[in-house]
Amino acid sequence: MELRQLEYFVAVAEERNFTRAAERVHISQSGVSAQIRRLERELGAELFDRSARTVTLTAAGAAAFEHARAALAAAGAVGQAVGEVTGLLRGRLTMGMVIGCTLAPLFDALAAFHRAHPGVELSLREDNSDRLVEGLRSGDFDLGLVGAASGTLHGLDSLTLVSERLVVAVPAGHPLADAGRVTLRDLAAHPVVCMPPGTGLRTVFDRACEAQGVRPRVALQASAADAVAGLACRGLAAAVLSESMAALHRDRLTALPLDGVEAPALLALAWRGTPGPALAGLLAHCRRAFAGPDAGEG
């Protein structure tokens, strides 16, 4: 039994797909499959049920899963302990990022950290904020960039990077374009395009509507801010965005403050527990990147 076999086993179990697991560990799908089969022969049991489109663990696989993760963590800790003595950071950090986010200071921080610590392998995966938070709590991610409706995430530590109010963005000629300011009740008379449930911005919007007894007509949903804005630009609906998201499209959309919605939409880095040396180093780079004068630009 080899560590790489355990690594591939854990990757397939977490991704529930051989193709995605192969992309994650940077080898071919046939290579992953061959090593998993070899591991199954050594253990004398099938670890995965391959009969459906989504790969699932068998009873034997489920019994082995946590032990495999623990073995990988222990192996990583050995290298990290040596690195601490020699002054070199090594290991792997898996980061989750909310879908469709282009936060330039964060990318700058990742690049600077990689240059300073090439021995740490960085992995980046996108998902919606709710699933990212679940992944952070379960240990699937070391760090996550999540959209949130408050600065407190139960069971996690966090660092708020962006805090902005919601706005309504509409093209010229829209009935709200000359309103100056818009209430949720004003907005409820028109179709809306916004991000889907599970995103921080949508959570802020839904909570505000519920608090005021307003039922918006959410006609369209898109995970990326550019897509939300693009649909609004074509007159299909009024877009609900954050201030900086709308500002990127000021040549085509007029952004109007949403009266009565005081809670900001947040973008935050979140992690669980005391950061190890590698994660602490990455967080330090992120703090420096967002302390600069251009930190809010995306």
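Not measured: the values here are computed from a predicted model. (Residues numbered from 1 in each chain as written. Predicted model: local features only at pLDDT ≥ 70, side-chain atom pairs only at ≥ 80, totals over all residues. Heavy atoms only, no water.)

Caption draft 1: Region of the structure containing the overall build of the chain. Looking only at helices and strands, one finds eleven helices and 13 strands in the chain. With the C-alpha coordinates of the chain rotated into their principal frame, the extents come out at 70 × 50 × 30 Å. The buried share of the chain, taken over its 298 residues, is 42%. Residue pairs at least 24 apart in sequence account for 73% of intrachain contacts in the chain once pairs closer than 6 positions are excluded. Accessible surface for the chain amounts to roughly 14700 Å². Of this, 52% is attributable to carbon and sulfur atoms. A distance of 3 Å separates the average location of the 29 positive side-chain charges in the chain from that of its 32 negative side-chain charges. (Helix = DSSP H or I, 4+ residues; strand = E, 2+ residues; numbered from the N terminus. Buried < 20%, exposed > 50% of the residue type's maximum accessible area, 1.4 Å probe, protein only. Contact = heavy atoms within 4.5 Å. Areas by Shrake-Rupley, 256 points an atom, 1.4 Å probe, with all protein chains shown as cover. Lys, Arg positive; Asp, Glu negative; His and termini not counted. Charge placed at Lys NZ, Arg CZ, Asp CG, Glu CD.)

Caption draft 2: Local environment of the sheet that holds strand S12 (residues 254-259). Spatially, S8-S12-S7-S11-S9-S10 is the arrangement adopted by the six strands of the open sheet, whose pairing is mixed. The open sheet has two edge strands, strand S8 (182-183) and strand S10 (217-221), and neither has a second partner. As judged from the four bridges shared by strand S7 (residues 166-170) and S12, these two strands associate in the antiparallel manner. In the strand pairing of S12, Val 167 is matched with Pro 257. (Pairing = 2+ DSSP bridges.)

Caption draft 3: Unusual backbone geometry, seen in detail. Phi at Arg 16 is positive, roughly 60°, even though this residue is not glycine. Here Arg 16 lies in the loop between helix H1 (3-15) and helix H2 (18-25). A positive phi angle, near 65°, is found at His 26, a position not held by glycine. Along the chain, His 26 turns up in the loop between H2 and helix H3 (29-43). Take His 26: its relative accessible area is 62%, and that puts it in the exposed class.

Caption draft 4: The arrangement of the environment of Ala 270 in detail. With respect to the secondary-structure elements, Ala 270 resides in strand S13 (residues 265-271). Along the primary structure Ala 270 and Leu 283 are separated by 13 residues, whereas in three dimensions their C-alpha atoms are 10.0 Å apart.

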